[in-house]
Amino acid sequence: MSGSVDAKALPEAGREEEEILEEMRALREEDVNWHDGKVWSLVFHASDELAAFSKQAYGMFYAENGLNPTAFPSLRRFEVEVISMVAKLLGGDLQVVGNMTSGGTESILMAVKAAREWGRKRGKSDPEMVLPMSAHPAFEKAAHYFGVKAVHVPVRKDFRVDLRAMRKAINRRTVLLVGSAPQYPQGVVDPIEEIAQLAQRRKLLCHVDACVGGMMLPFVRDLGHQVPAFDFAVPGVTSMSVDLHKYGYAAKGASIVLYRDAELRKHQYFAYTEWPGGIYVSPTMTGTRPGGAIAAAWAMLNRLGLSGYREIARDVMAAAGRIRAGVAEIEGVDVLGEPTMSVMALGSKTLDIYEVGDALAERGWHLDRQQNPASLHLTINAAHLESTEQLLADLREAAELCQRPPTERLIQRSKLLLVNTAMRVLPGPVATKVTRVASRVLGIGDGELPKKTAAMYGLMAALPNKGDLNEMVIELLDKLTRHEGSTPA
Ligand SMILES: *Cc1c(COP(=O)(O)O)cnc(C)c1O
């Protein structure tokens with residue numbers, strides 16, 4: 001299978017619909033198959049029935065544009081109701097306001113942008129934010145886009161942020177402290193109460209990234225599990241990000257950014273009044289906003305209600321519990337830390353966990369690789385209820401296989417690749433494609449590249465300069481979204 005894509009021009013005459021759809025179906029065959037519960041990231045699926053309902057709602061508002069809320073009072077109403085429903089779920093009072101965005105990244109971008117403006121009003125012209133190294137890269141992206149310096153602090157052995165380090169990293173330029181509920185890599189909730197208290201004491205803003213947890217933790221708590229305080233019930237929390245297209249099981253393109261009050265949210269907004277096209281005002285990053293995503297999110301919240309979400313959470317937590325218990329019985333593989341909900345990482349003290357991941361990939365499983373420490377990632381959701389036992393069986397087999405000493409291990413350091421981000425974005429079967437592309441980028445023959453991700457991550461760790469890695473990853477990304485025949489810059 002080749003990774004190259006040929007350049008195309010628009011067809012002179014339009015093609016037959018059935019032929020187009022056929023081509024799309026065929027291409028889809030090469031994608032990871034998430035529907036059988038073997039993909040442990042990227043897709044959240046409640047049931048075929050609920051997905052059909054969601055598509056119906058999406059289709060109904062397929063053409064509508066959320067850019068101008070006065071033209072579509074329906075969308076405005078959906079958005080405002082979605083915001084208030086989720087704010088209430090997360091301990092917010094009637095002062096809490098927010099906006100819908102296209103996803104967690106946009107929600108986080110907006111919270112950081114608002115914090116920057118808030119800081120400017122207070123004379124902080126070189127704003128900084130302090131965040132755990134486990135925080136989502138969207139914060140780094142916000143730093144990159146908006147010129148806010150991201151100051152990373154370490155996590156403790158339990159993977160929660162080191163509060164002492166956080167306190168020490170605060171200076172007079174700091175505007176924002178960040179905690180996650182939970183963080184993605186190991187699924188643990190940062191000490192939000194302490195972070196928020198620290199923020200209050202130092203007169204700073206505090207953002208809680210509940211992108212993955214916001215639509216899950218309240219129900220997990222209802223079910224009687226231990227969930228630390230993480231939301232607007234905690235004094236000092238000033239903003240939150242919550243994805244609906246994750247455990248809200250809404251159509252993709254639906255997230256929320258929430259603020260403690262409307263005054264704070266104003267720092268997020270953008271207006272331009274000089275344009276010949278009229279007075280332009282926009283709440284979030286995007287201009288045109290897909291009505292379908294807003295409408296479908298509203299529909300799903302109403303369709304499931306508290307009891308529907310609780311029921312799904314019960315099943316998902318049962319599956320998560322089953323996996324934790326099953327992993328505990330497999331020699332050499334451990335769940336890292338104490339995950340609060342259904343997001344977790346598998347590591348090992350004795351095995352090369354990437355090799356275990358490769359063995360799982362050979363059995364059709366798709367688990368993202370993580371680093372520092374090396375681990376495999378699981379986001380357990382309703383799509384996995386039927387596949388947990390098979391996962392455990394294959395994991396046991398994979399772990400046994402990897403107990404044996406590998407016949408040939410490492411390949412020369414200097415020839416080295418790659419590619420941490422790209423491997424996370426494009427894991428599993430795509431990895432082979434990526435290495436091939438990478439080999440061309442770096443002018444190394446195919447044969448000299450490690451075939452498996454385990455070996456690649458091994459080499460990656462040996463890379464002397466992380467800056468080189470950054471550049472390589474970006475070059476790869478550029479390659480991947482280019483057609484055959486275009487010349488590199
Ligand atoms: C998924 C996620 C994000 C980013 O959300 P996108 O919808 O992918 O942009 C941010 N933070 C956490 C903790 C996440 O799990």
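Cut-offs used in this document
Sequence order as written defines the numbering, with residues in each chain counted from 1. The predicted nature of this model means local features are confined to residues of pLDDT at least 70 and side-chain atom pairs, given and counted, to a pLDDT of 80 or more, with totals for whole chains, interfaces and linings taken over all residues. Water and hydrogen atoms play no part in the side-chain values, which are based on all heavy atoms of the structure. We count a stretch as a helix when DSSP gives it H or I for four or more residues in a row; a strand needs E for two or more, and each element gets its number in order from the N terminus. Between buried and exposed lies partly exposed: a residue is buried under 20% and exposed over 50% of the maximum accessible area for its type, with that area taken using a 1.4 Å probe on protein chains only. In this description, contact between two residues means that some pair of their heavy atoms is separated by no more than 4.5 Å. Accessible areas in this description were obtained via Shrake-Rupley with a 1.4 Å probe; residue shielding takes into account the shown protein chains only. Two strands pair if DSSP finds at least two bridges between them. In this description, a line fitted to the C-alpha atoms serves as the axis of each element, helices being fitted only across the stretch in contact, and the angle between N-to-C directions of two axes falls anywhere from 0 to 180 degrees. For this document, the term salt bridge refers to a Lys or Arg side-chain nitrogen within 4 Å of an Asp or Glu carboxyl oxygen. Here, proximity means that at least one heavy atom of the residue falls within 4 Å of the molecule or strand. Residues adjacent in sequence count toward polar contacts only when both atoms are side-chain atoms; beyond that, a polar contact is any pair of N or O atoms within 3.5 Å, and within protein one must be able to donate a hydrogen and the other to accept it. Classes in brief: Ala, Val, Leu, Ile, Met, Phe, Trp, Tyr, Cys and Pro nonpolar; Asp, Glu, Lys and Arg charged; the others, Gly included, polar. For this quantity, the arc is that covered by the directions from the helix axis to the C-beta atoms. Per-residue confidence from the predictor is reported as pLDDT, which spans 0 to 100. Patches here are clusters of residues that have more than 30% relative accessible area and form no salt bridge, with a 9 Å joining cutoff for like charges and a 5 Å cutoff for nonpolar side chains (Val, Leu, Ile, Met, Phe, Trp, Tyr). The charge count treats Lys and Arg as positive and Asp and Glu as negative. His and the chain ends do not count. Note on charges: their place is set at NZ of Lys, CZ of Arg, CG of Asp or CD of Glu.

Asks: Just to check I follow, could you spell out the overall build of the protein for this structure?
Replies: Along its length, the protein carries 16 helices and 13 strands. Taken across its 489 residues, the protein has 49% of its residues classed as buried. A sequence separation of at least 24 residues applies to 72% of the contacts in the protein between residues at least 6 apart. For the protein, the exposed surface amounts to about 24300 Å²; the carbon and sulfur share of it is 53%.

Asks: Any chance you could explain the sheet that holds strand β13 (residues 375-379) here in plain terms?
Replies: Reading across from one edge, β10-β11-β13-β12 is the order of the 4 strands in this open sheet, with antiparallel pairing throughout. For this open sheet the edge positions go to β10 (334-335) and β12 (369-370), each flanked by a neighbour on one side alone. With respect to the sheet, helix α11 (residues 353-362) is in contact with β11 (343-347), β12 and β13, its orientation differing from that of β13 by roughly 50°.

Asks: Looking at this structure, I do not really get the pattern of salt bridges. What am I missing?
Replies: Pairing between side chains of opposite charge can happen when the charged atoms of each approach one another. Per the counting criterion, the structure on display carries 20 salt bridges. Between Lys-266 and Glu-263 there is a salt bridge, with its nearest N and O atoms 3.8 Å apart. Taken together, the salt bridges that share partners define one network made up of Arg-15, Glu-19 and Glu-23.

Asks: Quick question: what am I supposed to make of the site of the ligand here?
Replies: Taken together, 13 residues are adjacent to the ligand, and Gly-104, Thr-105, Asp-209, His-245 and Lys-246 come closest. The separation between an oxygen atom of the ligand and a polar side-chain atom of Lys-246 is 3.1 Å. Notes on the ligand: free accessible area 380 Å², of which the protein chains cover 84%. At 3 residues, the largest contribution of residues to the shell around the ligand is made by helix α4 (residues 104-121). Looking at the shell around the ligand residue by residue, the classes come out as 5 nonpolar, 5 polar and 3 charged.

Asks: Just checking my understanding: could you explain the pairing of β11 for this structure?
Replies: Remark: a regular strand shows side chains that alternate across the two faces of the sheet. Within β11, 5 of the 5 residues are buried, which leaves the element mostly enclosed by the surrounding structure. In β11, alternate side chains face the same way, and those of Val-343, Ala-345 and Gly-347 on one face and Met-344 and Leu-346 on the other are all buried.

Asks: How do you make sense of the pairing of strand β7 (residues 255-259) when you look at a structure like this?
Replies: Across the 5 residues that make up β7, a large majority, 5, are buried. Covered by surrounding structure in β7 are Ser-255, Val-257 and Tyr-259 together with Ile-256 and Leu-258, the residues of both alternating faces. By the bridge criterion, 5 bridges tie strand β1 (residues 97-101) to β7 in an arrangement that is antiparallel. Bridge assignment links Thr-101 to a residue of β7, and that residue is Ser-255. The pairing of strand β6 (residues 239-243) with β7 spans 5 bridges and is antiparallel.

Asks: Explanation requested: helix α5 (residues 137-146) in the structure shown.
Replies: An α-helical turn contains 3.6 residues, so any two residues separated by three or four positions project in the same direction. For α5, the complete set of buried residues consists of Ala-138, Phe-139, Ala-142, Ala-143 and Phe-146. The arc that holds the buried residues of α5, viewed along the axis, is 150°, so those residues lie on one side. Seen from the buried face of α5, the exposed residues on the opposite side, beyond 90 degrees, are Pro-137 and His-144. Where α5 is buried, its residues meet α4, β2 (128-132), β3 (149-153), β4 (174-180) and β5 (205-209). In the stretch just after α5, Gly-147 is the one whose phi turns positive, near 70°.

Asks: So what exactly am I meant to see when it comes to the confidence of the model for the protein here?
Replies: Interpretation of the predicted coordinates at a detailed level should be avoided for regions scoring low in pLDDT. Averaged over all residues, the pLDDT of the protein is 89; the fraction at 70 or higher stands at 86%. Residue range residues 441-450 is modelled with pLDDT below 50. Its contacts to residues more than four positions away, or to other chains, number 22 contacts.

Asks: What is the right way to look at a positive patch on the surface in this model?
Replies: On the surface, Arg-164, Arg-167, Lys-168 and Arg-201 cluster together into a patch of positive charge. Residue contributions to the positive patch peak at 3 residues, all from helix α6 (residues 163-169). By the secondary structure assignment, Arg-167 is in helix α6. A relative accessible area of 42% places Arg-167 in the partly exposed class.

Asks: Where do I start with unusual backbone geometry in this structure?
Replies: Among all residues except glycine, the phi angle is most often negative; among peptide bonds, the trans geometry is most common. Geometrically, the link from Ala-181 to Pro-182 is a cis peptide bond, its omega value of -10° lying close to zero. Summarising the element assignment, Pro-182 is placed in the loop between β4 and α7 (192-201). In this chain, Asn-372 is followed by Pro-373 through a cis amide linkage whose omega measures 5°. Examined against the element boundaries, Pro-373 turns out to sit in the loop between β12 and β13. Even without being glycine, Leu-42 reaches a positive phi, approximately 75°. Relative to the helices and strands, Leu-42 is located in the loop between α1 (17-28) and α2 (48-60). Under the relative-accessibility criterion, Leu-42 is labelled exposed at 52%. Unlike most non-glycine residues, Tyr-249 shows phi in positive territory, near 55°. Turning to its location among the elements, Tyr-249 is positioned in the loop between β6 and β7.

Asks: Which parts of the structure should I look at to understand the environment of Val-175?
Replies: Position of Val-175 relative to the elements: it lies in strand β4. Sequence separation of Val-175 and Cys-206 is 31 residues, and the distance between their C-alpha atoms is 8.7 Å.

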